[in-house]
Amino acid sequence: MDRTAQWLVMLWLLWLGPSVSGSSRPERPNIVIIVADDLGWNDVSFHGSNQIPTPNIDALAYDGIILNRHYVPPLCTPSRASLMTGKHPMNIGMQDHVIISDEPWGLGLDQKLMPEYFREAGYRTHLVGKWHLGFFRRAYTPTYRGFDSHFGYLGPYIDYWDHSLQMNETSARGLDMRRNADVNYAANGTYATDLFNDEAVRIIRSHNDTRPLFLVLTHLAPHTGNEDDPMQAPEDEIAKFSYIQDPKRRTLAAMISRIDRGVERVYHTLEERSMLNNTIILFYADNGAPTVGIHANSGSNYPLRGQKESPWEGAVRGAALIWSPLLPRKGVVSNQWFHVSDWLPTLGQAAGIKVRSTGSPIDGQNQWQTLQSSSAAGRTVVMNNAEETFEYSSYIKRGWKYVNGTVFEAYDGWLGRLSNGDRVTDQDYYDRLTAPGSIGASLRLTRSNAENVRSSATVQCSDELAGNPCEPLKSACLFNIVEDPCERNNQAREFPALLAELESDINNYRNRGVPSRRKPSDGRSDPARHNFTWTWWLDEEIPQRPPNGLQHLGVVSDQTIHVSDWLPTLSAAAGIDSVPSGSAIDGQNQWNTLLTEAANGRSVVMHNADEKFVYSSYMKHGWKYVNGTCFGGVYDGWLGDLLHSDQLTEGDYYSQLTSAETIGATMNLSETQVLPIRQAATIACPKDVPEVSCEPLKRPCLFNIIEDPCERQNLADQYPDVLNDLQADVALYRRNSVRPRNQPPDGLSDPSLYNNTWTWWQDELDAKDEFSHHILYLAAAIEILVILLLIWWGQKYFLRQRKK
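Residues numbered from 1 in each chain as written. Predicted model: local features only at pLDDT ≥ 70, side-chain atom pairs only at ≥ 80, totals over all residues. Heavy atoms only, no water.

**Thoughts on a nonpolar patch on the surface**
Move 1: Taken together, the side chains of Ile561, Val563, Trp566, Leu570, Trp591, Leu594 and Leu595 define a hydrophobic patch exposed on the protein surface, amounting to about 660 Å² of accessible area.
Move 2: Contributions of two or more residues to the nonpolar patch are made by helix 15 (566-573) and helix 16 (591-595).
Move 3: With three residues, the top contributor of residues to the nonpolar patch is helix 16.
Move 4: Among the secondary structure elements, Trp566 is positioned in helix 15. (Patch = residues over 30% accessible without salt bridge, like charges linked within 9 Å, V, L, I, M, F, W, Y side chains within 5 Å. Areas by Shrake-Rupley, 256 points an atom, 1.4 Å probe, with all protein chains shown as cover. Salt bridge = Lys/Arg side-chain N within 4 Å of Asp/Glu carboxyl O. Helix = DSSP H or I, 4+ residues; strand = E, 2+ residues; numbered from the N terminus.)

Structure, rendered in structure tokens:
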């Protein structure tokens, strides 16, 4: 066969292949977001320091875009809330402080989060590591907020090895490590950073690449652990940094190095799966490092001023980069203004997902164009915070920064300056950057290119104070933050009108902001009350039905049972233990609840989440959620009320119950025995209780189904948290459910075709379809053979013509 014939066959197979396989890779890009906790500006080496080499993070920076003006809120919870919602913390009530694990509050359930947008667009969504956006109720946890899976912890920090949290002296030490909603005990003893890196790699390796991936990896490191042992890292990792004299900073270097190793593993796993060319990787610090004070990790934001939990650049200007083959710009340092809230609309744009703009200049803005072109117009204002608790403001507009007030004066200086000796040589640094197996080697970086980018990303400031000193507790300060990034020259006196303009902006934003959602601590959260684990504690507030005190032969059970329970329950009675337990809404073994009233039974019942009629009906812990209805509400009233005159007398009823031919007679039942049981089993709803209207086609309703079994009092307005909790459950069950098997009518079923009987009618068609499937392949093979014969005949004919 000559080359022409080979090409024809190849083209034919290429045409046939996709139609046979039916599979295709996703067009939407994979999104991987990696967040380091309390990482200092000067603690990544792409900003110029050789003390803590981060070669793999740096390689992505030098081949991607270094975001040199990437702004974040100065604390963990506000920063994460802003990423997830695309909104400024002041506009969603999350600006005030971090969530302490014993405080009953969280990111509002009325907010649509980043993973929800991506999941709706067909992404598989995963969170690995830290959450810190609330868990006092289950509805506030990650798998109820848009993530298909979560492996990690719910609170602010944990021990790196045993994953416990000692929140304060009034609470016990409790485990905070979960796989989805389940407590994870098996991870005990594994270093947290390695644990999270392993899980991220596992998710990528097992990912079905017919759907795009959305993965958020939020590290514990280099945040400190519990106060009794705050700085933790494997000894072999610490030993690699023996040249650092400060033992605390030596451990910090090991903690950061483990993150860098994880970045390398994530990159290479994406590469192994052939996913890399369609992936966006974002790496950033959630806020600046705390050099001193609370949770100090010896991090360095130098030469930027201040540290975490302050109004200064060291708190809010964070290390960040983005890398992707999908971006036309690479190896550049961007000085465009970015805020962490921008990532939802920006990555949404990259994925073809429309995120509705709020119109507020301090909320997230779509900056996809600014990543593709340096000339594109981007953000002009950055609200760091207008903190009411500590009464400080920090705001940037058109390159000018306003600061008024502060948190702790000890944080107001230039902290974390590094000595000249505790670092590797330039040669050693660039050798690590391009070492075999590193990301730098994979990207074929050269030292000269890396040096140029690194130099542009390094902030340098004079050590001399210029102009007037800034004393923010006495009067507001003003800095030209472009020319003076280290905030050394207060120009408030020179530009009073500009100072007043920025102050007016701040007051307007504060006045339009949402009050803080923060709540005081709740002793019921104590892990000692929950098997020494940190868990949702307000879900246990279940409405209770008053006991009726009956002590009779017959029993009326108020245990909740679903019809699906009978297979595992009756199997248990028969000694069959092979029936799988399934999910919370599948059948549960309730044999013990039938044997004893004290046994724990079912706590949830899913009636339906019907897609055709668009209604949901669900019960949990005695509460019932209803949203939508059928047939426009025709069936929504109290139907079938019986006339009293159309009923037997009590005497006739009991006569029939105990007559000689009935079961009642064999049981020796009597009216005195049956009457109280019958009364207990009778549902009586007082009609003098005022009805609270439920209009399920307009909005969801909530009923205390124990005290109000007739669903007359809609309590949705009184218990919005319970309503949102149940609504989140319904959404999760619906997402994880199997698609309905309904098919449209088929005229081939008509009984007149089968001797006027209803019978199976597709068995013959299935056999024909299977046969026709093989015929299709045979036809394709014959067509290829015909093409080859024509080519052969054509060659023979051509040769004969030439001989003539």
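**Some details on the side chain of Gln51**
Move 1: Within the element layout of this structure, Gln51 appears in the loop between strand 1 (30-36) and helix 2 (55-63).
Move 2: Polar contacts involving the side chain of Gln51 include one to the main-chain carbonyl oxygen of Asp422, which spans 3.2 Å. (Polar contact = N/O pair within 3.5 Å; in protein donor to acceptor, adjacent residues only side chain to side chain.)

**So, the packing of aromatic side chains**
Move 1: Within the structure shown, the criterion is met by 23 aromatic pairs.
Move 2: Between Tyr71 and Trp337, the aromatic rings sit 5.9 Å apart at their centres with planes inclined by 35°, giving tilted as the arrangement. In this pair, Tyr71 is assigned in strand 3 (residues 70-71) and Trp337 in the loop between strand 14 (332-334) and strand 15 (338-339), connecting sequence segments 266 residues apart. Assigned by exposure class, Tyr71 and Trp337 land together as buried.
Move 3: Centroid distance Tyr429 to Tyr430: 4.8 Å. Interplanar angle 75°. Geometry classified as edge-to-face.
Move 4: Note on Tyr430: relative accessible area 6%, which makes it buried.
Move 5: Clustering of aromatic rings is evident, with ring pairs tying together Phe118, Tyr123, Trp131, Phe147 and Phe214. (Phe/Tyr/Trp six-rings, centres within 6.5 Å; stacked < 30°, edge-to-face > 60°. Buried < 20%, exposed > 50% of the residue type's maximum accessible area, 1.4 Å probe, protein only.)

**Notes on the environment of Trp623**
Move 1: Inspection of the secondary structure puts Trp623 in strand 22 (residues 623-627).
Move 2: By relative accessible area, Trp623 is classed as buried at 8%.
Move 3: Along the sequence, Trp623 and Ile52 sit 571 residues apart, while their C-alpha atoms lie 54 Å from each other.

**Some points on the pairing of strand 22**
Move 1: In terms of residue burial, strand 22 counts as a mostly covered element, since four of its five residues are buried.
Move 2: Bridge count between strand 21 (residues 615-620) and strand 22: five bridges; the pairing is antiparallel. Directly across from Met619, in strand 22, lies its bridge partner Lys624.
Move 3: Hairpin connection from strand 21 to strand 22: two residues lie between these consecutive antiparallel strands, with His621 at a positive phi of about 50°. (Pairing = 2+ DSSP bridges.)

**Here's the deal with helix 13 (residues 447-457)**
Move 1: Ala450, Val453, Arg454 and Ala457 are the residues of helix 13 that are buried. All buried residues of helix 13 lie within an arc of 100° about the axis, which places them on one face of the element. In this structure, helix 13 carries Asn452 and Ser455 as exposed residues pointing more than 90 degrees from its buried face.
Move 2: Elements in contact with the buried residues of helix 13: helix 2, strand 2 (65-67), strand 14 and helix 11 (426-433). (Arc of directions from axis to C-beta. Contact = heavy atoms within 4.5 Å.)

**Section: the sheet that holds strand 18 (residues 400-404)**
Move 1: Pairing is antiparallel across the open sheet formed by four strands, whose spatial order is 16-17-18-19. Of all strands in the sheet, those bounded by a partner on one side alone are strand 16 (381-387) and strand 19 (477-480). The sheet shows a mean angle of 10° between the axes of neighbouring strands, taken without regard to direction.
Move 2: Relative to strand 17 (residues 392-397), strand 16 runs antiparallel, the two sharing six bridges. Looking at strand 17, one finds that Val382 is bridged to Ile396.
Move 3: Here helix 14 (residues 496-512) sits on the sheet and contacts strand 16, strand 17, strand 18 and strand 19; the angle it forms with strand 17, its principal contact strand, is near 115°. (Axes fitted to C-alpha atoms, helices over the stretch in contact; angles between N-to-C directions.)

**Remarks on empty space enclosed by the protein**
Move 1: Summed over the entire model, instances satisfying the criterion amount to four cavities of 30 Å³ or more.
Move 2: Space inside the largest cavity adds up to approximately 80 Å³.
Move 3: Every residue lining the largest cavity is counted, 10 residues in all, and those nearest its centre are Asp539, His621, Trp623, Val722 and Asp725.
Move 4: A per-class count over the lining of the largest cavity returns four nonpolar, one polar and five charged. (1 Å grid on protein atoms, 1.4 Å probe; cavity = no way out; pocket = protein on both sides within 12 Å on 5 of 7 lines; lining within 4 Å. Points joined across faces, edges and corners; volume = space filled by probe spheres on them. Nonpolar A, V, L, I, M, F, W, Y, C, P; charged D, E, K, R; others polar.)

**A few points about the confidence of the model for the protein**
Move 1: Averaged over the protein, the pLDDT score is 88; the fraction of residues at 70 or greater is 91%.
Move 2: Low pLDDT, under 50, characterises residues 7-25; the stretch is placed with 14 contacts to residues that sit more than four places away or in other chains.
Move 3: pLDDT under 50 marks residues 541-553. Its contacts with residues more than four places away, or in other chains, come to 17 contacts. (pLDDT = per-residue confidence, 0-100.)

**A word on the nonpolar core**
Move 1: Of all hydrophobic cores here, the largest spans 130 residues; its most connected members are Ile33, Phe118, Phe196 and Trp343.
Move 2: Among the elements that make up this core, the one with the highest residue count is helix 7 (residues 247-272) (10 residues).
Move 3: Setting aside residues up to four positions removed in sequence, Phe118 forms contacts with Ile31, Tyr123, Thr125, Phe214, Leu344, Leu347, Gly348, Ala351 and Ile353.
Move 4: Counting residues in each nonpolar core, the second largest holds 16 residues, with Met90, Ala492, Leu499 and Leu502 among its members. (Core = buried A, V, L, I, M, F, W, Y, C linked by side-chain atoms within 4.5 Å.)

**Regarding the state of the cysteines**
Move 1: Applying the stated rule across the entire model yields four disulfides.
Move 2: There is a disulfide in this structure between Cys461 and Cys486, and the S-S distance comes to 1.9 Å. Across the S-S bond of Cys461 and Cys486 the torsion is about 75°, and the bridge reads as right-handed. Highlighted residues: Cys461 in the loop between helix 13 and strand 19 and Cys486 in the loop between strand 19 and helix 14, separated in sequence by 25 residues.
Move 3: Cysteine pairing in the protein follows 1-4, 2-3, 5-8, 6-7, where each cysteine in a disulfide is numbered by its order in the sequence.
Move 4: You can see Cys630 has no disulfide; the closest cysteine sulfur is in Cys694, sitting 13 Å from it. (Disulfide = S-S within 2.5 Å.)

**Regarding the packing of helix 2 against helix 7**
Move 1: Put simply, helix 2 and helix 7 touch, their axes get as near as 7 Å, and they point 55° apart. Relative to helix 7, the element helix 2 lies oblique. Facing Pro55, Asn56, Ile57 and Leu60 of helix 2, the residues of helix 7 in contact are Ile259, Asp260, Val263, Glu264 and Tyr267.
Move 2: Considered class by class, the residues forming the contact of helix 2 with helix 7 number six nonpolar, one polar and two charged. (Parallel < 35°, antiparallel > 145°, perpendicular 65-115°, else oblique.)

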